[in-house]
Amino acid sequence: MAAATIFLAVLPLLTAITTTNTAAAAVVNNSSSYHPTFQRLNVKETIQVASARPSPPQVSEYHEEEEEDGAENNWTMKVFHREQLFSSNSEDDRRLDRRLKRDAVRAASLFRRLASTGGGGYGVDDFGTDVVSGMDQGSGEYFVRIGVGSPPRNQYVVIDSGSDIVWVQCQPCSQCYRQSDPVFDPADSASFAGVSCGSSVCGRLENSGCHAGRCRYEVSYGDGSYTKGTLALETLTFGRTAVRGVAIGCGHRNRGMFVGAAGLLGLGGGSMSFVGQLGGQTGGAFSYCLVSRGTDSAGSLVFGRAALPAGAAWVPLVRNPRAPSFYYIGLAGLGVGGVRVPIPEDVFRLTELGDGGVVMDTGTAVTRLPLLAYQSFRDAFTTQTANLPRAPGVAIFDTCYNLFGFVSVRVPTVSFFFSGGPILTLPARNFLIPMDDAGTFCFAFAPSNSGLSIIGNIQQEGIQISFDGANGFVGFGPNIC
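Residues numbered from 1 in each chain as written. Predicted model: local features only at pLDDT ≥ 70, side-chain atom pairs only at ≥ 80, totals over all residues. Heavy atoms only, no water.

K.L.:
Please provide a residue-by-residue account of the overall build of the protein chain, values included.
P.N.:
If you tally the helices and strands in the protein chain, you get 7 helices and 34 strands. For the protein chain, the residues scored as buried account for 59% of the 481 residues in total. Total accessible area computed for the protein chain in this model is approximately 18,000 Å², and 52% of it derives from carbon and sulfur atoms. (Helix = DSSP H or I, 4+ residues; strand = E, 2+ residues; numbered from the N terminus. Buried < 20%, exposed > 50% of the residue type's maximum accessible area, 1.4 Å probe, protein only. Areas by Shrake-Rupley, 256 points an atom, 1.4 Å probe, with all protein chains shown as cover.)

K.L.:
Outline helix H6 (residues 371–384), supporting the account with residue identities and numerical values.
P.N.:
Because an α-helix completes one turn every 3.6 residues, residues spaced three or four positions apart along the sequence face the same direction. With 14 residues, H6 should reach 20 Å at 1.5 Å per residue; the first-to-last C-alpha distance of 20 Å fits that figure. All of the buried residues along H6 are Ala373, Tyr374, Phe377, Arg378, Ala380, Phe381 and Thr382. (Expected span 1.5 Å × (residues − 1).)

K.L.:
I'd love a proper account of the sheet that holds strand S30 (residues 440–443), names of residues and values included.
P.N.:
Sheet architecture is open: 4 strands sit in the order S24-S25-S30-S29, paired in antiparallel fashion. The sheet is open, and its two edges are formed by strand S24 (390–391) and strand S29 (432–434), each paired on a single side. In terms of strand pairing, S24 meets strand S25 (residues 400–402) through 2 bridges, oriented antiparallel. Its bridge partner being in S25, Ala391 is matched across the sheet by Cys400. Seen against the sheet, H6 touches S24, S25, S29 and S30 and runs at an angle of roughly 135° to S30. (Pairing = 2+ DSSP bridges. Contact = heavy atoms within 4.5 Å. Axes fitted to C-alpha atoms, helices over the stretch in contact; angles between N-to-C directions.)

K.L.:
An account of the pairing of strand S23 (residues 367–370) is requested, with residue identities and associated values reported.
P.N.:
Judged by which residues are buried, S23 turns out to be covered on both faces: Thr367 and Leu369 on one side and Arg368 and Pro370 on the other are all buried. Judged from the 4 bridges that link them, S23 and strand S31 (residues 445–448) form a sheet pairing that is parallel. Counterpart to Thr367 in the pairing with S31 is Phe445.

K.L.:
Break down the side chain of Thr413 for me, citing the residues and quoting the values.
P.N.:
Relative to the helices and strands, Thr413 is located in the loop between strand S26 (408–412) and strand S27 (414–418). Thr413 has contacts with Pro36, Thr37, Phe38, Gln39, Gly335, Val336, Gly337, Gly338 and Thr425, leaving out every residue within four places of it along the chain.

K.L.:
Provide a residue-level description of the pattern of salt bridges, including the pertinent values.
P.N.:
As enumerated under the stated definition, the model contains 11 salt bridges in all. Across the pair Lys228 and Glu218 runs a salt bridge, and its minimum N-O distance is 4.0 Å. Taken together, the residues Lys228 in strand S13 (residues 226–238) and Glu218 in strand S12 (residues 214–220) connect sequence positions 10 residues apart. Classification of Glu218 by relative accessible area gives partly exposed; the value is 33%. Across the salt bridge formed by Glu345 and Arg349, the nearest N and O atoms sit 4.0 Å from each other. Its relative accessible area of 33% is what places Glu345 among the partly exposed residues. Within this structure, Arg340, Glu345, Asp346 and Arg349 form a network of salt bridges that share partners. (Salt bridge = Lys/Arg side-chain N within 4 Å of Asp/Glu carboxyl O.)

K.L.:
Give me unusual backbone geometry: which residues, what numbers.
P.N.:
With an omega of 0°, the peptide bond between Ser150 and Pro151 qualifies as cis. As for its position among the elements, Pro151 is in the loop between strand S7 (142–148) and strand S8 (153–160). Cis rather than trans, the peptide bond between Gly477 and Pro478 has omega equal to 0°. On the secondary structure map, Pro478 appears in strand S34 (residues 473–480). Phi is positive for Ala395, which is not a glycine, with a value near 55°. Along the chain, the position of Ala395 falls in the loop between S24 and S25.

K.L.:
Before we move on, can you summarise the pairing of strand S4 (residues 38–42) with the specific residues and values?
P.N.:
Within a regular strand, the side chains alternate between the two sheet faces. Burial along S4 is one-sided: the residues Gln39 and Leu41 are buried and none of Phe38, Arg40 and Asn42 is. Pairing of S4 with S26 involves 5 bridges; the strand directions are antiparallel. Considered in S26, the bridge of Leu41 is made with Val409.

K.L.:
Give a description of the packing of aromatic side chains that names residues and reports values.
P.N.:
If you walk through the whole model with that rule in mind, you get 18 aromatic pairs. Ring centres 5.0 Å apart and planes at 20° place the aromatic pair Phe286 and Phe467 in the stacked group. Placement of the pair is Phe286 in strand S16 (residues 285–289) and Phe467 in strand S33 (residues 463–468), with a sequence separation of 181 residues. Neither residue differs from the other here; Phe286 and Phe467 are each classed as buried. Taken together, a centroid distance of 5.9 Å and an interplanar angle of 80° make the contact between Phe381 and Phe431 edge-to-face. Here Phe381, found in helix H6, pairs with Phe431, found in the loop between strand S28 (423–425) and S29; they are 50 residues apart in sequence, far enough to count as distant. Overall, the relative accessible area of 0% leaves Phe381 in the buried class. Taken together, the aromatic side chains of Phe238, Phe274, Phe286, Tyr288, Phe303, Tyr327 and Phe467 make up a single cluster linked through ring pairs. Against the face of Tyr226 rests Lys228, its NZ or CZ located 4.6 Å from the ring centre. (Phe/Tyr/Trp six-rings, centres within 6.5 Å; stacked < 30°, edge-to-face > 60°. Lys NZ or Arg CZ within 6 Å of the ring centre and 35° of its normal.)

K.L.:
So what's going on with the nonpolar core? Which residues, and what values?
P.N.:
Counting residues in each nonpolar core, the largest one holds 73 residues, and the members touching the most others are Phe274, Leu301, Phe303, Phe431 and Phe445. Per-element accounting of this core gives the leading share, 5 residues, to H6. Excluding residues within four positions of it along the chain, Phe274 makes contact with Trp75, Val166, Leu236, Phe238, Val243, Val246, Leu265, Gly266 and Phe303. With 14 residues, the next largest nonpolar core counts Tyr177, Cys202, Tyr217 and Leu264 among its residues. (Core = buried A, V, L, I, M, F, W, Y, C linked by side-chain atoms within 4.5 Å.)

K.L.:
How would you sum up the state of the cysteines? Please name residues and give values.
P.N.:
For the structure on display, the rule yields 5 disulfides. Here Cys173 is linked by a disulfide to Cys176, with a sulfur-sulfur distance of 1.4 Å. The chirality of the disulfide connecting Cys173 with Cys176 is right-handed, given an S-S dihedral of about 80°. Accessibility expressed as a relative area gives 31% for Cys176, which makes it partly exposed. (Disulfide = S-S within 2.5 Å.)

K.L.:
Any details on the environment of Arg368? Residues and values, ideally.
P.N.:
Its place among the elements puts Arg368 in strand S23. Classification of Arg368 as buried rests on a relative accessible area of 6%. Sequence spacing of Arg368 and Ser453 is 85 residues, and the spatial spacing of their C-alpha atoms is 5.4 Å. Setting aside residues no more than four positions away along its own chain, Arg368 makes contact with Asp103, Ala104, Ala107, Phe111, Ile396, Ala446, Leu452, Ser453 and Ile454. Within the structure, the side chain of Arg368 is placed 2.9 Å from the backbone oxygen of Val366, a separation counted as a polar contact. (Polar contact = N/O pair within 3.5 Å; in protein donor to acceptor, adjacent residues only side chain to side chain.)

So, to be careful, I would describe these as geometric facts and stop short of saying anything about function.
Below, the structure written as structure tokens:
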């Protein structure tokens, strides 16, 4: 493949890029003319998929699995769920329990991070955000494999749409947690360059310091975990695409159980995220499709404006100056069985003080809704599923069903009504999830006492989601994975 070199102005930096299934799909409508009212949930198949142990991916040391799609400044990476990479046979019967525990910590952290501060100022750290390591369960639900340095040393990193940090553990490591690949050693990289204390990049860090003339960073996390080290410019490799001069944290002291991940690739809306650093050449554009739980297939993460699909339903992004890292969207309401639930639209609105609103988050699994909205939504769903046998609540879920012996069941549709008209109707497996092998399924939404709503990754699974940061839109569909 012929190589092309593209130069990007990223802040004051000069960055170069060298280019070397589903049975039930989401329904996306750009108008209110068609409202599907019900669909079928394949009970037996859903249990089999969820309980299966995914096969570990066969990942090439040189990223040969990555695809170049032929479009300039556009490249595709494979996305893996953590269960495909790091779960063991001994953990199979506890996978869901551990996932929900991680999720509870993540959601609580976001609620604290985005909670009201009495109308006062909000401390924005444009380099790090309150990403949680998930106690002893480890953080991160979705991972990509990238190359760090020259020559590239391959590492699994967590992708996080709510973070503006790019960092990896580095040698010499005075305190490091265990990761699946060897810890990156800057001494082995010809492209590693430390950032001086006087650099404008260093000046953008909220928690920066100086040691021996080098810029130091520190990012603390919601559960007491942290990463500390030096800021550097380094080459990151994605398939056949090398991105030079990326500002990354080189962590020499890292506390937290990230379970195999070497670090984190922030995809947030701030200028120091990976997307932000790419700048105008990609136009803040990227797209991802998260694979469903238990499958052997990989999802995708695509950078570049060519990643933005024709035929998607586009919804305006809503900017929150108090939390620029997060992708807020306009949600007007919720639907069950093709009928909009009577919930005031103000429940989902972002206030002038930056409270409330609706955040898209790859790191949260279960969608959270303000209590009153959740209760109305749940009650509408239970009214239309009165014919299904109920089961006791499980974990954070209060609405569960005993579907033992059923091959499939008829269930009402569940939809998001977005501002401006688009309606996203979810596949049944994205809102009724199996809790065990015995046929217990639960309605996969949860209430919160916060005014903030979070659309989690369970509801996003299998749906192509695209961000056009330059123009301020997020798109849903039309592709699935």
